[in-house]
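# Understanding the architecture of this molecule
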Amino acid sequence: MSEPVPHGRDQMMIRLERISKRYPGQSADAVAELNLDVKQGEIVVLVGPSGCGKTTTLRMINRLVQPSQGRIYLDGEDVTQIDATRLRRRIGYVIQQVGLFPHMTVGRNVGLIPKILGQDGQQIAERVDELLALVGLNPDQYRERYPRELSGGQQQRVGVARALAADPPVMLMDEPFGAIDPITRERLQDEFLSLQQRIGKTIVFVTHDIQEAIKLGDRIAIFGPDSTIAQYDTPERILAHPADDFVRSFVGAGAAVRSLGLLHLRDLPLPACERVEDRRTISEDATLYDALDAMLQAGVDELAVAGAGDAPPRLLRWADAIRARERAATGSERAATGSARSGEAP
Amino acid sequence: MTFIEYLLERWPELTELTLLHAQVVLIAIGVATVISVPVGVAVHGRDRASRIVLSITGAALTIPSFALFGLLIPIFGLGVLPTIAALVLYAIFPILRNTVTGLESVDPAMIDAGQGMGLSPGQRLRLVRLPLAWPVVLTGIRVSTIMVVAIAAIAAAVHGPGLGKLIFGGLARMGGANALNDVLAGVVGVIIIALVLDIAFLVLARLTTSRGVRV
Ligand SMILES: Nc1ncnc2c1ncn2[C@@H]1O[C@H](COP(=O)(O)OP(=O)(O)OP(=O)(O)O)[C@@H](O)[C@H]1O
Ligand SMILES: [Mg+2]
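Residues numbered from 1 in each chain as written. Chains lettered and ligands numbered in written order. Predicted model: local features only at pLDDT ≥ 70, side-chain atom pairs only at ≥ 80, totals over all residues. Heavy atoms only, no water.

### Structural notes on the confidence of the model for chain A
Heads up, the rule is: The pLDDT value tells you how sure the predictor is about a given residue, anywhere from 0 up to 100. Two residues form a contact once any of their heavy atoms are found within 4.5 Å.
Confidence in the prediction for chain A averages 87 pLDDT; 92% of positions are at 70 or higher. Here residues 1–10 of chain A is modelled with pLDDT under 50, and outside its nearest four sequence neighbours on either side it reaches 16 contacts, counting other chains as well.

Laid out in structure tokens, this is it:
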């Protein structure tokens with residue numbers, strides 16, 4: 001695995017130092033001597049085959065699983081031994097089964113921790129409405145509903161709102177979109193990314209879907225079969241330069257096509273476009289993947305890229321698209337090791 | 001005297017006996033609940049402890065009620081006290097068993113979510129486990145109540161209060177004046193109490209169960 005660049009410890013929101021977990025009565029470690037640094041404001045995705053220790057690693061961060069060995073630091077503080085209940089109130093946790101309390105309304109579920117922390121009713125009510133709106137649910141419509149009166153996707157949003165209730169700097173999410181149909185999942189992923197733009201939490205996200213990892217992660221930790229991390233790097237670099245055969249096979253065929261989804265049209269140097277009215281137009285927020293897909297669908301080899309605001313439209317040609325990807329792949333080779341795609345600590 | 005005439009003439013006394021009967025049942029159920037729920041909370045999730053407690057309280061149910069009332073005379077004498085003691089003994093098992101089952105059948109994901117969001121063990125019990133187990137606990141209380149309404153009639157053997165007096169008295173004087181009417185009135189009274197309490201518990205369950213988990 002690639003060693004993270006040495007940062008001051010205070011820049012790391014989460015730091016796992018040689019942590020191991022062996023469950024009672026087991027002969028092998030579920031997680032062995034694992035190191036992981038997560039910078040403030042970044043999304044780190046833990047991905048790997050079933051049973052490789054992703055959930056165990058995640059749950060050691062909020063001490064739902066007590067590590068057998070090693071140290072855990074949260075924002076520079078050693079939290080390996082501190083009171084677990086208090087620690088967990090500083091960390092949002094979203095599980096795959098959502099785990100909303102069925103006997104409480106949506107409002108009470110979301111407001112539970114603020115209430116326990118002793119906030120007054122008015123304050124809690126405002127917070128609940130704010131959070132529901134944040135995750136895209138109309139508070140007036142959903143506040144008084146019970147979880148069973150919601151769809152799976154809506155429950156998942158409430159789960160996220162609840163985890164955000166105490167405004168924790170860190171969020172742990174264990175396959176939050178695992179049990180949701182592909183179309184809704186994609187929408188939730190998009191919303192999740194735009195939500196993160198606004199709230200800038202430090203997020204550790206578990207999935208076994210490499211596609212999801214590539215889409216969401218600033219950095220991805222690929223867990224190998226031996227309960228250690230096979231590669232920890234940005235999605236671009238993992239796609240372009242898998243560390244070993246395991247990672248290569250896990251990332252699978254189609255790595256080049258997938259990497260198209262990481263390149264946004266707005267970031268590409270493109271010439272100005274004339275005769276826009278003759279061409280199909282695509283938003284500059286789209287990715288190269290979307291653009292090539294649109295070209296194939298329409299049977300054209302040029303698209304007009306609409307600029308944001310008053311910016312003039314630009315021209316994307318098929319050949320330029322291919323070259324842009326090529327440049328990105330070789331460019332990331334030279335990029336500094338361990339740098340995240342976005343959301344780095346200031 | 002026909003049964004109707006009998007009822008018209010004796011209804012003040014019959015009402016009083018019925019109320020006494022219901023009262024003794026409710027006191028016993030109250031005591032049994034106050035004992036069983038905390039014990040259930042203490043032993044749930046611990047296999048050995050709950051097995052031991054449930055075996056002991058379950059064994060009490062197998063003692064013939066007539067014998068149990070008799071056995072309690074040396075300890076509690078005659079009257080209200082041995083009646084309530086015996087009824088409590090019978091009522092404990094269904095409530096305890098349902099408390100344990102109810103607490104243990106709470107979806108582990110709920111507990112996980114509660115623990116993960118920073119609820120202390122006490123808060124998890126109070127805010128998550130108990131409310132979710134409550135409908136099951138209440139069913140246990142209801143079953144105990146119905147059972148104990150019938151057993152309370154036997155309490156007449158230790159001069160306990162209630163409709164048992166009519167039934168036993170009538171049976172002893174079979175053939176005598178109003179003997180059959182006494183027995184009949186006692187039995188009908190027991191059935192009415194059972195029905196009324198059963199309905200009361202259904203209403204209580206509805207009122208005290210969140211709309212989110214109501215079936
Ligand atoms: N409570 C437990 N007791 C004993 N062994 C456990 C326990 N929890 C997990 N394990 C074992 O530890 C290993 C890692 O489990 P973990 O749940 O962390 O995997 P995972 O990567 O999250 O897998 P999945 O993708 O299937 O969720 C597995 O071999 C599992 O069997
Ligand atoms: Mg898992």
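### Details of the site of ligand 1
All names here are of chain A. Stated precisely, the cut-off is as follows: Here a residue counts as near a molecule or strand whenever at least one of its heavy atoms sits within 4 Å of it. In protein, a polar contact requires one atom able to donate a hydrogen and another able to accept it; more generally it is a pair of N or O atoms within 3.5 Å, and residues adjacent in sequence count only if both atoms are side-chain atoms. Residue-level accessible areas treat just the shown protein chains as cover; the underlying method is Shrake-Rupley with a 1.4 Å probe.
Looking at ligand 1, the residues that line it are Tyr 23, Gln 26, Ala 30, Ser 50, Gly 51, Cys 52, Gly 53, Lys 54, Thr 55, Thr 56, Glu 175 and His 208. Taking Lys 54, its side chain carries an N or O atom lying 2.8 Å from an oxygen atom of ligand 1. Here an oxygen atom of ligand 1 and a side-chain polar atom of Thr 55 are 2.6 Å apart. For ligand 1, whose accessible area on its own is 630 Å², the fraction buried by protein is 60%.

### Some remarks on helix α2 (residues 47–62) of chain B
All names here are of chain B. Spelled out, the test is: A run of DSSP states H or I qualifies as a helix once it reaches four residues; a run of E qualifies as a strand once it reaches two. Both are numbered from the N-terminal end. Residue count minus one, scaled by 1.5 Å, sets the expected span of a helix. For every residue, the accessible area (1.4 Å probe, protein chains only) is compared with the maximum for its type, and the residue is labelled buried under 20%, exposed over 50%, or partly exposed between those bounds. The directions from the helix axis to the C-beta atoms are what the arc is built from.
With 16 residues, α2 should cover 22 Å at 1.5 Å per step; its first-to-last C-alpha distance of 23 Å lies within 8% of that length. Taken together, the buried positions of α2 are occupied by Ser 50, Leu 54, Thr 57, Gly 58 and Ala 60. In an axial view of α2, the angular spread of the buried residues amounts to 140°, which keeps them on one side of the axis. Counted as exposed and oriented over 90 degrees from the buried face of α2: Arg 48, Arg 51, Ile 56 and Thr 62. On its buried side, α2 packs onto α1 (3–43) and α4 (80–104).

### Details of the side chain of Thr56(A)
All names here are of chain A. The residue Thr 56 is located in helix α1 (residues 54–61) in this model. Residue class for Thr 56 comes out buried when judged on its relative accessible area of 9%. Among the polar contacts listed, one links the side chain of Thr 56 to the side chain of Tyr 23, at a separation of 2.9 Å. Other than its neighbours up to four places away in sequence, Thr 56 contacts Lys 21, Tyr 23, Ala 30, Val 31 and Val 65.

### Some remarks on the interface of chain B and chain A
Stated formally: By buried area we mean the combined loss of accessible area, with a 1.4 Å probe, across both parts when two parts are placed together. In what follows, salt bridge is the name for a side-chain nitrogen of Lys or Arg lying within 4 Å of a carboxyl oxygen of Asp or Glu. Under the convention adopted here, Pro, Cys and the residues Ala, Val, Leu, Ile, Met, Phe, Trp and Tyr are nonpolar, Asp, Glu, Lys and Arg are charged, and Gly plus all remaining residues are polar.
Chain B puts 21 residues into the contact, and the matching count from chain A is 26 residues. Taken over both partners, the interface formed by chain B and chain A buries close to 2000 Å², and the fraction arising from carbon and sulfur atoms is 61%. Counting across the chain B and chain A interface gives two salt bridges. When the shortest N-O distance is used, the salt bridge between Arg59(A) and Asp112(B) registers 2.8 Å. At the boundary of chain B and chain A, one finds eight residue pairs in polar contact (both at pLDDT 80 or more). Elements represented by at least two residues in the side of chain B that touches chain A include exactly α5 (108–116) and α6 (121–151) of chain B. Class assignment for the residues of the side of chain B that touches chain A results in ten nonpolar, eight polar and three charged.

### Side note on a nonpolar patch on the surface
So the rule is basically this: Here, patches come from residues exposed beyond 30% relative accessible area and free of salt bridges, joined within 9 Å for like charges and within 5 Å for nonpolar side chains (Val, Leu, Ile, Met, Phe, Trp, Tyr).
On the surface, Leu184(B), Val188(B), Ile192(B) and Val196(B) cluster together into a nonpolar patch covering about 310 Å² of accessible area. Relative to the assigned elements, Ile192(B) resides in helix α8 (residues 179–208).

### Observations concerning the sheet that holds strand β11 (residues 281–283) of chain A
Residues and elements named next belong to chain A. How we decide: Two strands qualify as a pair provided that DSSP identifies no fewer than 2 bridges between them. For helices, the fitted line uses only the C-alpha atoms of the stretch in contact; every axis is such a line through C-alpha atoms, and the angle between N-to-C directions lies from 0 to 180 degrees.
The three strands lie next to each other as β11-β12-β13, forming an open sheet whose pairing is mixed. Single-partner strands in this sheet number two, and they are β11 and β13 (314–317). Averaged over all pairs of adjacent strands, the angle between strand axes in this sheet comes to 40°, irrespective of strand direction.

### Comments concerning the layout of surface pockets
All names here are of chain B. Put simply, the rule reads: Only protein atoms enter the calculation, which uses a 1 Å grid: trapped sets of points that fit a 1.4 Å probe without letting it out are cavities, open sets showing protein on both sides within 12 Å along at least five of seven lines are pockets, and any residue with an atom within 4 Å of a point is a lining residue. Grid points are joined across faces, edges and corners, and a volume is the space filled by probe spheres set on the points.
Counted as a void, the second largest pocket has a volume near 280 Å³. Along the walls of the second largest pocket sit 13 residues, with Pro 135, Thr 139, Ala 205, Thr 209 and Val 215 positioned nearest its centre. Where the lining of the second largest pocket is concerned, the elements lending two or more residues are α6 and α8. When residues of the lining of the second largest pocket are assigned to their parent elements, the largest contribution, five residues, is made by α6. Within the lining of the second largest pocket, the residues separate by chemical class into eight nonpolar, two polar and three charged.

### Description of the packing of helix α3 (residues 106–116) of chain A against helix α4 (residues 121–134) of chain A
Residues and elements named next belong to chain A. For clarity, the cut-off: Any angle that falls under 35 degrees is termed roughly parallel, while one over 145 is termed roughly antiparallel, one within 65 to 115 roughly perpendicular, and all others oblique. Here a crossing is taken to be left-handed if its near helix is turned anticlockwise relative to the far helix by less than a right angle, and right-handed if that turn runs clockwise.
Interhelical geometry of α3 versus α4 gives an angle of 125° and a closest axis separation of 9 Å. Regarding the angle of α3 to α4, the classification is oblique. Read as a crossing pair, α3 and α4 show a hand that is right-handed. Between α3, through Val 106, Gly 107, Val 110, Gly 111, Pro 114 and Lys 115, and α4, the contact on the second element is made entirely by Ile 124, Val 128, Leu 131 and Leu 132.

### Quick look at the nonpolar core
Residue and element names in this part refer to chain B. Quick reminder of the rule: For the purposes of this section, nonpolar cores are sets of buried Ala, Val, Leu, Ile, Met, Phe, Trp, Tyr and Cys residues that join through side-chain atoms within 4.5 Å.
Grouped together as the largest cluster of nonpolar side chains are 46 residues, with contacts concentrated most on Val 25, Phe 69, Leu 87, Ile 141, Val 148, Val 149 and Leu 166. In terms of residue count, the dominant contributor to this core is α4 (eleven residues). Sequence-distant contacts of Val 148, that is, excluding residues within four places in its chain, are made with Val 25, Ile 29, Leu 87, Tyr 90 and Ala 91.

### Description of the environment of Phe205(A)
Within the secondary structure, Phe205(A) is located in strand β8 (residues 202–207). Discounting residues that sit within four places of it in the chain, Phe205(A) has contacts with Ile43(A), Val44(A), Val45(A), Leu46(A), Met173(A), Pro176(A), Phe177(A), Phe192(A), Glu212(A) and Leu216(A).

### Quick word on empty space enclosed by the protein
Applying the stated rule across the entire model yields two cavities of 30 Å³ or more. Along the walls of the largest cavity sit 17 residues, with Gly92(A), Tyr93(A), Arg162(A), Ala163(A) and Met117(B) positioned nearest its centre. Looking at the lining of the largest cavity, the elements with two or more residues in it are β6 (91–94) and α6 (152–164) of chain A. For the lining of the largest cavity, the element with the highest residue contribution is β6(A), accounting for four residues. For the lining of the largest cavity, the residue count by class is twelve nonpolar, two polar and three charged. Volume-wise, the second largest cavity comes out at about 40 Å³. Lining the second largest cavity, in full, are Val160(A), Met171(A), Met173(A), Phe192(A), Leu195(A), Gln196(A), Ile199(A) and Ile203(A). Put simply, the parts of the chain that give the lining of the second largest cavity at least two residues each are β7 (170–174) and α7 (182–199) of chain A. Broken down by element, the lining of the second largest cavity gets its largest block of residues, four residues, from α7(A). Classifying every residue of the lining of the second largest cavity by side-chain character gives seven nonpolar, one polar and no charged.

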